[in-house]
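# Chains, contacts and geometry: an overview
Here is what each chain is made of, one letter per residue.
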Amino acid sequence: MSVTALFEPIRSWLSSESLQSFVNSHHQQIIALQKDAPVGSALQVLAENKILSVPVLDEEGEYLGAFSVGDALRVLMQELESQLGHGWFDRLAQIKASELEAIGSSLCSKKVYTVTHPGDLWLKGDSKTTVLTVIKEGFQVLEPKGHHRIFVVDPAKAHTVTVHGSTVVINIKPGSEKPEASGLRPTDIVSQLDVVKLLSEHKDKLELVMTKTLEELEIFEGSVFTIHASASALEAFHHMALDHKSCLGIVDNTGKLIGNVSVSDLRFLGPQNYGLLLSTVAEFSVVIAGKGPSQEEAINGARVAGAADGKWSEVLKDLPLPTLKPSGTFGQLLGTMASENLHRLYIVDEDGKPVSIVTLTDVLREIIKPEPPVHHFQRMGTNDLPDDDDDDDDDDEEEEAEEEAK
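To keep things clear, this report deals only with the structure shown in the data block.

Parameters and conventions
- Residues numbered from 1 in each chain as written.
- Predicted model: local features only at pLDDT ≥ 70, side-chain atom pairs only at ≥ 80, totals over all residues.
- Heavy atoms only, no water.
- Axes fitted to C-alpha atoms, helices over the stretch in contact; angles between N-to-C directions.
- Helix = DSSP H or I, 4+ residues; strand = E, 2+ residues; numbered from the N terminus.
- Parallel < 35°, antiparallel > 145°, perpendicular 65-115°, else oblique.
- Left-handed = near helix turned anticlockwise from the far one by under 90°.
- Contact = heavy atoms within 4.5 Å.
- Nonpolar A, V, L, I, M, F, W, Y, C, P; charged D, E, K, R; others polar.
- Salt bridge = Lys/Arg side-chain N within 4 Å of Asp/Glu carboxyl O.
- Buried < 20%, exposed > 50% of the residue type's maximum accessible area, 1.4 Å probe, protein only.
- Core = buried A, V, L, I, M, F, W, Y, C linked by side-chain atoms within 4.5 Å.
- Pairing = 2+ DSSP bridges.
- Arc of directions from axis to C-beta.

### Some points on the packing of helix 8 (residues 192–201) against helix 15 (residues 360–368)
One way to put it is that helix 8 packs onto helix 15 with a least axis distance of 10 Å and a crossing angle of 55 degrees. When the axes of helix 8 and helix 15 are compared, the pair comes out oblique. Of the two elements, helix 8 crosses helix 15, and the hand of that crossing is left-handed. Across the interface between the two elements, Q192, L193, V195, V196 and L199 from helix 8 touch L360, T361, L364 and I367 from helix 15. Partitioning the contact of helix 8 with helix 15 into residue classes produces seven nonpolar, two polar and no charged.

Written out as structure tokens, the structure is:
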């Protein structure tokens with residue numbers, strides 16, 4: 001049985017489970033920001049509510065755009081370029097904490113509506129929209145760049161929409177004029193993690209694949225980007241912005257995976273504490289998690305135990321990182337992601353070195369990806385071969401071209 005066929009029972013069930021039913025049974029209060037909220041407050045809202053993105057509304061409660069941790073990283077890089085000058089990364093060793101604190105203050109004082117990104121994909125929450133539709137057309141997991149979440153608009157409140165089938169796609173640029181933005185009031189949010197948790201609740205529909213290994217399913221194909229524990233946090237975020245990555249694995253001198261740093265960590269950085277970005281990425285991870293000295297103490301030189309001696313595994317010992325081996329099962333992958341609220345899971349070899357990474361998108365893509373095309377080749381007998389002289393001449397020309405190329 002093909003891998004695609006193994007997921008047929010869950011696909012069939014997802015195609016019958018309506019988005020309305022899912023939202024009603026998994027309702028969560030939607031959190032939004034007013035357009036004039038400062039970025040510092042916006043990041044605090046993300047941190048306090050353990051979310052990565054939030055819609056931004058105008059004075060009338062209508063949608064203007066969305067603010068995410070990715071926007072925070074983008075604006076941080078812009079501020080570094082603006083205040084430190086072009087090529088600032090080449091002068092990394094000369095950057096002072098006071099300079100970063102000034103940049104952090106500037107970033108956090110910006111009005112959030114000035115740094116939002118255009119609207120995410122919105123789905124019309126009617127009876128025709130299924131959870132399978134959300135995965136395919138909402139998250140667009142089969143596309144090169146999909147969505148990690150969708151905002152759901154109650155049809156009764158959505159007055160001006162562009163309808164494609166059963167989905168509503170609205171790409172609103174921040175500050176767009178009405179009536180284009182009229183009536184768009186998000187009522188719910190559905191994330192990829194929400195759907196993966198739903199899958200975990202219905203393991204019976206996945207019984208054919210729960211014991212299959214990641215190796216058998218060939219699900220762990222993602223490249224792993226890593227950074228040494230001694231590199232600065234600022235260097236880590238620079239690489240994430242440059243390579244368009246949301247995280248980096250932290251490794252020790254032997255290449256063993258000992259931690260993780262993510263764009264989402266910017267949520268926990270105090271507005272006056274951007275000097276902490278000069279700390280090693282290992283210590284930065286510990287401090288913002290509240291496991292070591294305070295952010296202020298770390299900026300003033302306090303070290304996490306073990307850092308001064310380069311004992312990086314000891315530095316990160318209080319931040320356990322769930323991992324799986326290629327021999328791990330799909331059931332273990334699904335259960336770990338759902339129970340630990342993980343957006344990604346590193347795959348390591350027997351020595352603990354990272355070999356791949358599996359994201360929520362990878363899991364959902366594996367479930368809905370179509371069967372690969374089947375090609376039927378008919379063997380031709382000698383009597384079936386063409387005997388056109390022109391064809392022979394073409395072959396000779398191709399052989400001559402090949403000889404000339406050699």
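That covers the picture; the talk isn't over yet.
### Looking at the pattern of salt bridges
For the structure shown, the criterion picks out nine salt bridges. The residue R303 makes a salt bridge to E283 at a minimum N-O spacing of 2.8 Å. Of this pair, R303 sits in the loop between helix 12 (295–299) and helix 13 (312–315) while E283 sits in helix 11 (residues 281–288), and the two are 20 residues apart along the sequence. Judged by relative accessible area, R303 falls into the partly exposed class, the value being 43%. Where D362 meets R365, a salt bridge forms, and the shortest distance between an N and an O atom there is 2.9 Å. Here D362 pairs with R365, and both are found in helix 15, just three residues apart, close to one helical turn.

### Things to note about the nonpolar core
F67, L76, L80, F237, Y274 and L277 are the most contacted members of the largest nonpolar core, which totals 56 residues. Sort the elements by how many residues they give to this core and helix 5 (residues 69–84) lands first, with eight residues.

### Notes on the pairing of strand 2 (residues 53–57)
Strand 2 sits mainly inside the fold: five of its five residues count as buried. The side-chain alternation of strand 2 yields two buried faces, one formed by S53, P55 and L57 and the other by V54 and V56. Summarising the sheet, strand 1 (residues 33–34) and strand 2 pair through two bridges and their orientation is parallel. For Q34, the partnering residue across the bridge sits in strand 2 and is L57. In the sheet, strand 2 pairs with strand 3 (residues 63–68) via five bridges, with the strands oriented antiparallel. Considered in strand 3, the bridge of L57 is made with Y63.

### Some words on the sheet that holds strand 9 (residues 226–228)
Here we have three strands laid out as an open sheet, ordered 9-10-11, and mixed in their pairing. Edge positions in the open sheet fall to strand 9 and strand 11 (257–262), since each of these has one partner strand only. This sheet shows a mean twist of 35 degrees between the axes of neighbouring strands, independent of strand direction. Pairing of strand 10 (residues 247–251) with strand 11, which is carried by five bridges, proceeds in the antiparallel orientation. Residue L248 lies in a different strand from strand 11, and its bridge partner there is V261. Along the sheet face, helix 10 (residues 233–243) touches strand 9, strand 10 and strand 11 and points at about 70 degrees away from the line of strand 11. The sheet strands contacting helix 11 are strand 9, strand 10 and strand 11, and the helix crosses strand 11 at an angle near 65 degrees.

### Considering the sheet that holds strand 3
With mixed pairing, three strands are arranged side by side in an open sheet as 1-2-3. Every other strand in the sheet has two partners, leaving strand 1 and strand 3 as the edge strands with one partner each. Contacts from helix 4 (residues 39–49) reach strand 1, strand 2 and strand 3, with the element oriented near 70 degrees to strand 3.

### Topic: helix 14 (residues 330–340)
Among the residues of helix 14, F330, G331, L333, L334, M337 and A338 are the ones counted as buried. One side of helix 14 holds all its buried residues, which, seen down the axis, span an arc of 165 degrees. Packed against the buried residues of helix 14 are helix 8, helix 9 (214–217), strand 12 (323–324), strand 13 (344–348), strand 14 (354–359) and helix 15. One or two residues past the end of helix 14 sits N341, with phi positive at roughly 55 degrees.

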